[in-house]
Each structure stands twice: as C-alpha cells, then as structure tokens.
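# Per-entry structural report
The residues making up each chain are set out below.
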Amino acid sequence: MSPSAWLRGSRRPSWLSDPKVLRTEVLGGLVVALALIPEAISFSIIAGVDPAVGLFASFTMAVTIALVGGRPAMISAATGAVALVIAPLNREHGFGYLVAAVILAGVFQIVLGALGVAKLMRFVPRSVMVGFVNSLAVLIFMAQVPEMTDVPWPVYPLIAAGLAMMVFFPRLTSVVPAPLVSIVILTVITVAAGIAVPTVGDKGDLPSALPVPGLPDVPFTLDTLTTVAPYAFAMALVGLMESLMTAKLVDDITDTRSSKTRESLGQGVANIVTGFFGGMGGCAMIGQTMINVRVSGARTRLSTFLAGAFLMVLCIVFGPVVSDIPMAALVAVMVMVSVATFDWHSIAPRTLRRMPLGETVVMLVTVVCVVATHNLAIGVVVGSITAMVVFARRVARLAEVTAVTDPDGATVVYRVTGELFFASSNELVGQFSYATDPDRVVIDLSAAHIWDASSVAALDAVGTKYAQRGKTVEIVGLNEPSARMHKTLSGELAGG
C-alpha cells in the first residue's frame with residue numbers, strides 16, 4: 001500500500017467501514033434529537049424568545065460543532081446556562097441585541113481559545129470534577145420535577161414504564177437504544193389509547209421551515225457594543241466552562257483524549273454561525289451528551305451532526321407526530337440519565353471513610369454551589385478555589401524547621417524542609433531562637449524550595465532579627481531556581 005493510500009485509509013471514519021458503528025451513531029443521534037426538542041423549547045422560554053429560536057440554535061450548534069469541535073460525540077445546543085445569561089439583555093433591549101451578543105460571544109470564545117484558556121483545565125482537581133458530575137445529575141433530575149408535579153395521574157405509570165423498559169430492554173438486545181424504544185412505545189400507547197397527558201406539542205409550536213441567515217437588527221455603534229459586550233463575555237466564559245468540563249468528562253468515560261483548544265475555537269465558530277442564523281447560542285449539553293455517549297454508546301462526530309439534522313427533520317417534516325410524544329417518555333429518559341451520570345461511588349460509606357476530609361468538602365461545596373445557583377461555572381470556580389485553600393493549608397504544614405548546635409556552641413544550623421510559599425513562610429519567622437542562639441547562624445535550605453516573594457521576605461525578616469542582636473546569618477543549600485529568586489528579591493522587600 002502506498003503512503004498516500006495508507007493516509008487516506010487512516011482518516012476513514014469508522015462508521016463508513018463498520019455497519020454496527022453506523023447504526024449506533026444514527027440511532028444515538030435520533031434519540032438525542034428527540035430529547036433536544038422539549039429542552040430547547042424550555043430554554044427559549046427562559047430566554048424570553050420564540051421556541052423556534054432555541055430549536056434553530058440547537059440545530060446550528062450541533063451541526064457546526066460536529067465539523068469544527070474538538071470532542072467527538074459531544075452534543076452542543078441551546079442550554080439553560082446561556083439562556084439565563086442573555087435573558088436580561090433580551091428583556092431590556094430586544095431580540096436583535098441578543099443575537100448580536102451571541103455573535104460577539106463566539107468571537108470572545110475564539111480569542112480565549114487562541115490564548116490557551118483551555119489549558120487552565122489542568123488546574124481543576126478531581127474532587128471538583130466529581131462534584132461537577134454529581135451536581136449535573138442533580139440538576140438534570142430537578143429539571144424533570146416540574147414535569148412530574150400537578151400532572152394527570154397517568155403520567156406516573158408512564159414514567160415508571162419508561163424506566164422499566166430502559167432497565168430491562170438492554171438485556172434482550174442492544175441493537176436499538178432502549179430510550180428510543182421507550183419513547184416509541186409510550187407514544188404509541190398514549191395516542192392509541194387516547195390518554196390525555198402533557199406532550200411535546202404543549203411546550204410550544206415547532207418551526208415549519210429552515211432558518212435563514214441574516215445580520216442582527218441593531219445599530220452598529222459603540223453604544224451597542226458597550227451594551228452587548230458584558231453579556232457576550234459572560235456567555236463566552238460560561239459556555240467555555242461548561243463545554244470544557246463536559247469534554248473532560250467524556251474523555252474519562254470513553255478513555256480517549258480530545259483537543260480542548262480546538263473545542264474552544266469550535267464553540268466560538270458554532271456560536272457565530274448560530275447568531276447569524278438567528279439562534280440564541282449555546283454550549284455543550286451534559287444531559288444530551290450522556291444520552292449520546294453513555295446510554296446510546298455513540299463515539300463519533302456523525303451522531304452529533306445527525307442530532308442537529310434529525311432535529312430539524314423531526315420539527316419540519318414530522319412536526320405533528322413529534323408533538324404527540326408524551327413528556328413522560330422524555331422525563332423517563334432524563335431521569336435514567338441523571339441516575340447513570342451520578343457518581344454513586346463517591347458517596348459510598350467506604351469511600352467517604354477513606355477519602356481525605358478536604359476532598360469530600362470540595363466535592364460537597366461544588367455540588368451545593370451548582371445546585372443553589374443553577375450555574376455550573378460558578379460551582380466549578382468556587383470548588384476550585386476551595387480546593388486551592390485546602391491544598392495550601394495541607395502543604396503549609398509540610399514546612400519543618402529543626403535546629404542542631406555545634407559541639408563547640410559557636411554555630412547553630414537550622415535545617416528547613418518542605419515547600420516555602422506564602423502559607424508556610426508566614427510561620428517560618430517564629431521558629432528561630434533569636435535571643436539564645438550563638439553568634440553564627442546557618443540556615444540550610446537544601447531540602448526546601450522557595451516559591452514566592454513571601455518566602456524571601458520571611459528569610460529577610462529572620463536575618464534582620466538576628467542582625468539586630470549582632471548575630472550573622474548564612475543561607476546555604478539553595479537550589480538554582482530558589483537561589484535566583486532569593487538573589488533577585490532579597491533586600492528589596494520589607495522585612496518584619
């Protein structure tokens with residue numbers, strides 16, 4: 001085989017050569033498309049726009065990100081977090097400003113992606129990721145609660161039947177996704193029996209034509225930019241945070257790696273395209289992604305592309321049929337997703353007994369913040385800050401000082417062990433016997449490392465206290481980076 005032929009073969013999508021993969025991707029995309037419809041309509045209501053706006057956004061986001069995104073099989077569409085951010089802008093200034101914000105948010109995401117903001121994901125600790133996953137599961141379930149309250153009694157047996165089918169059907173066969181089977185059977189039952197329960201059609205009218213591209217209806221002035229920019233930047237940050245966290249979660253589930261920088265750029269491009277088509281913007285959707293990846297077993301971009309394509313086909317061609325789908329069927333799917341998403345191992349008594357208390361606290365703080373604010377980005381940021389505080393307290397205790405006096409009593413050697421930074425160095429000054437030590441003091445830092453200016457200032461303060469008593473201090477054993485920092489900053493900082 002020639003090198004060029006081999007190269008072409010290596011880039012051939014797996015679904016082209018494996019009918020089983022193709023079937024999984026197609027059916028996965030169909031299930032996600034069905035689940036997207038009521039979600040997109042609900043998020044449109046949150047944002048204060050027509051349901052078609054959310055559906056158009058889900059279509060353009062999914063199709064575009066399938067082509068330019070970094071994480072295969074991840075679903076991006078209209079989301080509640082983005083709707084919450086831009087709702088005030090639409091309410092106060094109108095729909096044109098909302099569309100302009102979506103486009104500008106995409107530009108911001110491209111800039112942030114090019115600047116390498118995705119690399120910050122490496123600083124998100126595991127305990128925050130666990131909290132992120134668990135809070136997502138809680139939010140997914142909470143979002144279904146309104147669909148289970150003040151509803152006709154047949155809704156409850158329908159939900160129970162849907163859950164039972166998704167639990168037991170995979171034991172018979174995995175050829176067809178259990179959620180799709182559940183949705184079809186429950187729809188047939190409710191329509192054939194004439195059972196009056198809430199349906200997808202009750203959420204709002206489905207669009208009857210494809211979206212048409214155009215420019216936002218706003219004056220292109222500096223005032224417009226200053227009005228739109230804060231909302232656009234907030235949307236860009238929230239969208240990137242949710243998308244990158246979801247991509248990392250899918251990486252873990254599938255044991256594969258994805259380009260977070262490409263995902264950041266792709267989210268920006270997708271939002272720009274969505275804005276020009278009059279959509280409300282969006283980002284990665286954890287619930288639909290879990291349906292696609294964990295429940296349906298999809299692994300390629302085809303499922304993402306088809307989710308968006310099927311969404312429009314279902315709305316435009318099969319609108320009347322889709323409108324008859326009982327909400328109970330989709331609620332059952334999302335409840336199953338929430339159960340599968342939750343990391344039950346993280347709250348098992350055995351795990352809690354073995355896990356350091358600080359790790360558990362970080363996980364709980366993340367969950368509480370997300371559930372309280374319904375904002376994943378806030379929870380992740382607060383959880384990460386909490387983890388940093390816990391880490392700093394833990395590391396601060398690792399710096400130890402031991403003193404050894406020479407037999408002749410003329411010199412004392414202080415051996416410092418551990419990491420010296422702002423937290424640990426604050427206690428360093430108080431660990432020396434200034435009044436009783438001999439005239440010559442040696443501070444051995446061969447087993448320590450200086451990380452910041454606070455540590456240099458602490459060492460200067462120690463030297464100053466000894467000098468005030470007519471004693472000399474010699475610092476030895478510095479490694480190269482520590483010596484360089486000490487030489488640069490020593491004497492330039494205020495001593496204590």
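Residues numbered from 1 in each chain as written. Predicted model: local features only at pLDDT ≥ 70, side-chain atom pairs only at ≥ 80, totals over all residues. Heavy atoms only, no water.

### Some remarks on the sheet that holds strand 3 (residues 400–405)
Strand pairing in a sheet relies on backbone hydrogen bonds, with the paired strands running either antiparallel or parallel. The strand order 3-4-5-6 describes an open sheet built from 4 strands, whose pairing is mixed. Among the strands making up the open sheet, the edge pair consists of strand 3 and strand 6 (472–476). Each strand of the sheet is rotated relative to its neighbour by a mean of 20°, with strand direction disregarded. Here strand 5 (residues 440–450) pairs with strand 6 via 5 bridges, running parallel. Bridged to Asp 444 within strand 6 is Val 476. Against the sheet, helix 20 (residues 453–467) touches strand 4 (411–420), strand 5 and strand 6, its axis set at about 175° to strand 5. Lying over the sheet, helix 21 (residues 480–489) contacts strand 5 and strand 6, oriented at roughly 120° with respect to strand 5. (Pairing = 2+ DSSP bridges. Helix = DSSP H or I, 4+ residues; strand = E, 2+ residues; numbered from the N terminus. Axes fitted to C-alpha atoms, helices over the stretch in contact; angles between N-to-C directions. Contact = heavy atoms within 4.5 Å.)

### Describing helix 15 (residues 327–341)
Between its terminal C-alpha atoms helix 15 stretches 21 Å, which fits the 21 Å expected from 15 residues at 1.5 Å a residue. By the criterion of burial, helix 15 is predominantly enclosed, with 13 of the 15 residues buried. (Expected span 1.5 Å × (residues − 1). Buried < 20%, exposed > 50% of the residue type's maximum accessible area, 1.4 Å probe, protein only.)

### Some words on the packing of helix 5 (residues 80–93) against helix 6 (residues 95–114)
At their nearest, the axes of helix 5 and helix 6 sit 7 Å apart, and the two run at 145° to each other. Residue-level inspection shows Ile 86, Leu 89, Asn 90 and His 93 of helix 5 in contact with helix 6, the latter providing Phe 95, Tyr 97, Leu 98 and Ala 101. Looking at side-chain class alone, the contact of helix 5 with helix 6 contains 6 nonpolar, 2 polar and no charged residues. (Nonpolar A, V, L, I, M, F, W, Y, C, P; charged D, E, K, R; others polar.)

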